[in-house]
Amino acid sequence: MTRHTGLLLPSFAGRNKEPAERTYRALAHVVRVVMPWLGTTEWRDFSKLPQTGGIICVGNHISHFDPLVLGLGIIEGGRWPRFLGKVQIFRSPWIGWLARACGQIPVERGSVRAADSLLAAEAALDHGKAVALYPEGTLTGDPDEWPMSGRTGAARLALDTRVPVIPFGQWGAQAFMPDGKKGFPLVLGRRHRFQVICGDPVDLTDLYGLPTNREVLEAATTRIMDAITALVAELREQEPPADRWSFRTRRREPVVRGAPSRVNGERGDSSADADEGP
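Residues numbered from 1 in each chain as written. Predicted model: local features only at pLDDT ≥ 70, side-chain atom pairs only at ≥ 80, totals over all residues. Heavy atoms only, no water.

Asker: Whenever I open this one, the overall build of the chain confuses me. Can you help?
Answerer: Of regular secondary structure, the chain possesses eight helices and ten strands. For the chain, the proportion of its 278 residues judged to be buried stands at 51%. A separation threshold of at least 6 residues defines the contact pool for the chain, and within that pool the share at least 24 residues apart is 78%. Here the chain displays about 13200 Å² of accessible surface, and carbon together with sulfur accounts for 55% of that area. (Helix = DSSP H or I, 4+ residues; strand = E, 2+ residues; numbered from the N terminus. Buried < 20%, exposed > 50% of the residue type's maximum accessible area, 1.4 Å probe, protein only. Contact = heavy atoms within 4.5 Å. Areas by Shrake-Rupley, 256 points an atom, 1.4 Å probe, with all protein chains shown as cover.)

Asker: Can you walk me through the confidence of the model for the chain in this structure?
Answerer: Low pLDDT marks stretches whose predicted atomic positions should not be read closely. Overall, the predicted model of the chain reaches an average pLDDT of 88, with 84% of residues at or above 70. The low-confidence segment residues 264-276 (pLDDT under 50) makes 30 contacts with residues lying over four places distant or belonging to another chain. (pLDDT = per-residue confidence, 0-100.)

Asker: Help me understand the pattern of salt bridges in this model?
Answerer: Two side chains that carry opposite charge are able to pair once their charged atoms sit near each other. Evaluated as defined, the whole model comprises 13 salt bridges. Between E42 and R193 there is a salt bridge, with its nearest N and O atoms 2.9 Å apart. Residue E42 is located in strand 2 (residues 39-44), and its partner R193 is located in strand 8 (residues 192-198); the two are separated by 151 residues in the primary sequence. For R193, a relative accessible area of 44% corresponds to the partly exposed category. Ionic pairing is found between E218 and R214, a salt bridge with its closest N-O pair at 3.4 Å. You can see E218 and its partner R214 sitting in helix 8 (residues 214-236), four residues apart, about one turn around the helix. Within the structure, one salt-bridge network assembled from shared partners comprises E42, R44 and R193. (Salt bridge = Lys/Arg side-chain N within 4 Å of Asp/Glu carboxyl O.)

Asker: Looking at this structure, I do not really get the side chain of S246. What am I missing?
Answerer: Structurally, S246 is set in the loop between strand 9 (244-245) and strand 10 (252-253). Here S246 falls in the buried class, since its relative accessible area comes to 8%. Separated by 3.3 Å, the side chain of S246 and the backbone nitrogen of T249 make a polar contact. Look past the residues within four positions of S246 in its chain and what remains in contact with it is S149, R251 and E253. (Polar contact = N/O pair within 3.5 Å; in protein donor to acceptor, adjacent residues only side chain to side chain.)

Asker: Just to check I follow, could you spell out the environment of V163 for this structure?
Answerer: With respect to the helices and strands, V163 occurs in the loop between helix 6 (153-161) and strand 7 (165-171). The sequence separation of V163 and G53 amounts to 110 residues, and the corresponding C-alpha distance is 8.3 Å. Beyond its immediate stretch of four places on either side in the chain, V163 contacts G54, I55, I56, L125, A158 and Y208.

Asker: Is there a simple way to think about the pairing of strand 2 in this case?
Answerer: A regular strand places its side chains so that they alternate between the two faces of the sheet. Of all six residues in strand 2, six are buried, a share of seventy percent or more. With six bridges joining them, strand 2 and strand 8 adopt parallel strand pairing. Paired with T40 across the two strands is R193, which belongs to strand 8. (Pairing = 2+ DSSP bridges.)

Asker: Explanation requested: the packing of aromatic side chains in the structure shown.
Answerer: Aromatic rings considered in pairs are described by the distance between their centres and by the relative angle of their planes. Scanning all chains against the criterion turns up seven aromatic pairs. Ring pairs connect the aromatic residues W43, F46 and F168, which therefore count as one cluster. For the cation-ring pair, R151 lies above F247, with the distance from its terminal atom to the ring centre recorded as 4.3 Å. One cation-aromatic arrangement involves R236 over W146; the distance from NZ or CZ to the ring centre is 4.0 Å. (Phe/Tyr/Trp six-rings, centres within 6.5 Å; stacked < 30°, edge-to-face > 60°. Lys NZ or Arg CZ within 6 Å of the ring centre and 35° of its normal.)

Asker: What exactly am I supposed to notice about a nonpolar patch on the surface here?
Answerer: Together, V30, V33 and V34 make up an exposed nonpolar region whose accessible area comes to about 220 Å². With respect to the helices, strands and loops of the structure, V30 is situated in helix 1 (residues 22-38). The partly exposed category is assigned to V30, whose relative accessible area is 48%. (Patch = residues over 30% accessible without salt bridge, like charges linked within 9 Å, V, L, I, M, F, W, Y side chains within 5 Å.)

This is the structure in structure tokens:
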């Protein structure tokens, strides 16, 4: 585990050799300088993060601040993540410019353009980049802040590209910037603890070659969310609930596990979760 408690994080220039946009590097250095004034950072098991080739990074979403925490952890670990973010972010004059300058990928969920974001993500993966996204699609709705059910965009991307899916668990950002809190929190007088843990790749190999219908996509999504939840449980030192909060029903539902049946059929049920996006 790498734990930083001082008022300056060590430079990642010597550890991260991957090329990145100048604006992205500058922003990362700003976050690196600011973060120690907000609290301690802990990166666990980042030796599991592949240093080359296309990868899909997936994590739990607990705060509007946590992309900075997770992103900094991945950068410290040697990669420059390309986050899939809601298109509304990119429409903001300043934040949108910054996101585009840093090579991030807009997602226009709920429209026919939703598939375009996956094509852009596939292109980034083909060029050996690290693509990062939150399978939940938004901040968790679970009342105890456990990961909720995931949307199928990450699973579809993983099955289409067959690149490693690297799960992350994080905890602490929700105390710094809780959901629904207006404005930037005045927390300079309080020290926070930001934790990120990297897990082993999610095994989806038995699903390769199957039709990407709802059954297969849901099975892959469940495995991804199981891996993320296990990592969050390790950070929280608690047992997660047996059921998982559903963004559809807004209550905890039993988790259906098991390999889908191997059936012949047309590849790709493009209507499955087409309204959800990544």
